[in-house]
Amino acid sequence: VTTIIKQRLFAIATLTGLVITAVLALWVAPPDAQQGDAQRLMYLHVPTIWLAYLAFGITAFASLLWLFPRTRHATWDLLAGASAEVGVVFTGITLVIGSLWGRPVWGTWWEWDARLTTTAILFFLYLGYLALRRTGATVDERGTRCAIAALIAFADVPVNYLSVTWWQTLHQQGTVFNDKMTVEITGTMAFTLVFAVGAFTLLYAYLVIRRLQLAQLEEGLEERELQLAIAERVRAERAEQVVSA
Amino acid sequence: MDHNWGYVAAGYGVTAVALVSYVVWLAQRTRRVRRSLPDERSD
């Protein structure tokens, strides 16, 4: 019961954070001098991709812990899967928001720009990883196979992050983290962005906890179904022996 | 300066729909799996 209350309080705190983010982003923060109100999409676009990076980072870290025999535990494998799934949701949102932002600002929904392309690759790499998690195998085989795939997929995260510095195509450089390390955002806009990142971090944590709990329950269900199938097989074999005797 | 509120509304709308759909799917799937496990209480 205490866990349920804690979870509900966590959900309420997350929801409150997101509602305040929407109010700050849509009403309190001023419009951008050049982009007008379209820039308000940044308060979703930036937090979702940063949290996607974090999600894939946690997937990679949990996968490493799974691969080391000393730290191997089923929870690391399930956490890797849960975090990757939330990361895919966030990356999908980033791509859609980016497209909606690009149309009025760049005049195009999509361009094969370095940042956009590597983000799309990131999305499909982790979609593939989630598909791999559903392939049939023993827990150990699946865990090892997926952990290696997660580490390979993570290589795209730094490439995606540095793509605006390396190639300098259509996508702008980082507003907060760029090669000159000059923060290009101040005042209410900066506060709104920081608040949005905090709210989305809470959301990420909430979603991963819920997804991990579901994964643990699913594993329990699989185990129970396996035990029932074995019991049924044993019963059938005994019945056959009785008939033949 | 063009304000483009339509794109902003679409962006916030799509995000809200995507996140709410994911949370609802998580809750429904969790309830369904819990119901299949006799020793688990539903929330």
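This section reports on the structure supplied with the text. (Residues numbered from 1 in each chain as written. Chains lettered and ligands numbered in written order. Predicted model: local features only at pLDDT ≥ 70, side-chain atom pairs only at ≥ 80, totals over all residues. Heavy atoms only, no water.)

A word on the packing of aromatic side chains. Inspection of the entire model under this criterion finds 11 aromatic pairs over all chains. Measuring from centroid to centroid gives 6.0 Å for Trp109(A) and Tyr7(B), while their planes differ by 55°, and the two rings are tilted. Here Trp109(A) is found in the loop between α3 (74-106) and α4 (114-133), whereas its partner Tyr7(B) is found in helix α1 (residues 5-36) on a different chain. Clustering of aromatic rings is evident, with ring pairs tying together Phe56(A), Tyr126(A) and Tyr129(A). (Phe/Tyr/Trp six-rings, centres within 6.5 Å; stacked < 30°, edge-to-face > 60°. Helix = DSSP H or I, 4+ residues; strand = E, 2+ residues; numbered from the N terminus.)

Quick look at the environment of Arg235(A) now. Residues and elements named next belong to chain A. Within the fold, Arg 235 resides in helix α7 (residues 187-244). Residue classification places Arg 235 among the exposed residues on the basis of a relative accessible area of 51%. C-alpha separation for the pair Arg 235 and Val 208, spaced 27 residues apart in sequence, amounts to 40 Å. (Buried < 20%, exposed > 50% of the residue type's maximum accessible area, 1.4 Å probe, protein only.)

Before going further, it helps to spend a moment on the nonpolar core. Core analysis: the largest hydrophobic core is formed by 61 residues, its most contacted members being Tyr43(A), Phe90(A), Tyr126(A), Tyr129(A), Leu207(A) and Tyr12(B). With residues near it in sequence (within four places) discarded, Tyr12(B) still touches Ala25(A), Leu26(A), Arg40(A), Leu41(A), Tyr43(A) and Leu44(A). (Core = buried A, V, L, I, M, F, W, Y, C linked by side-chain atoms within 4.5 Å. Contact = heavy atoms within 4.5 Å.)

Let us look at the interface of chain B and chain A. Listed per partner, the contact involves 28 residues of chain B and 37 residues of chain A. Between chain B and chain A, roughly 2900 Å² of surface is buried when both sides are summed, and carbon and sulfur atoms account for 74% of that area. Together, Tyr7(B), Tyr12(B) and Tyr22(B) form the three largest contributors to the area buried by chain B at its contact with chain A, with a combined 24%. Here chain B and chain A share 1 salt bridge between them. Residues Glu218(A) and Arg29(B) are paired through a salt bridge, measuring 2.7 Å at the closest nitrogen-oxygen approach. (Buried area = accessible area lost by both parts, 1.4 Å probe. Salt bridge = Lys/Arg side-chain N within 4 Å of Asp/Glu carboxyl O.)

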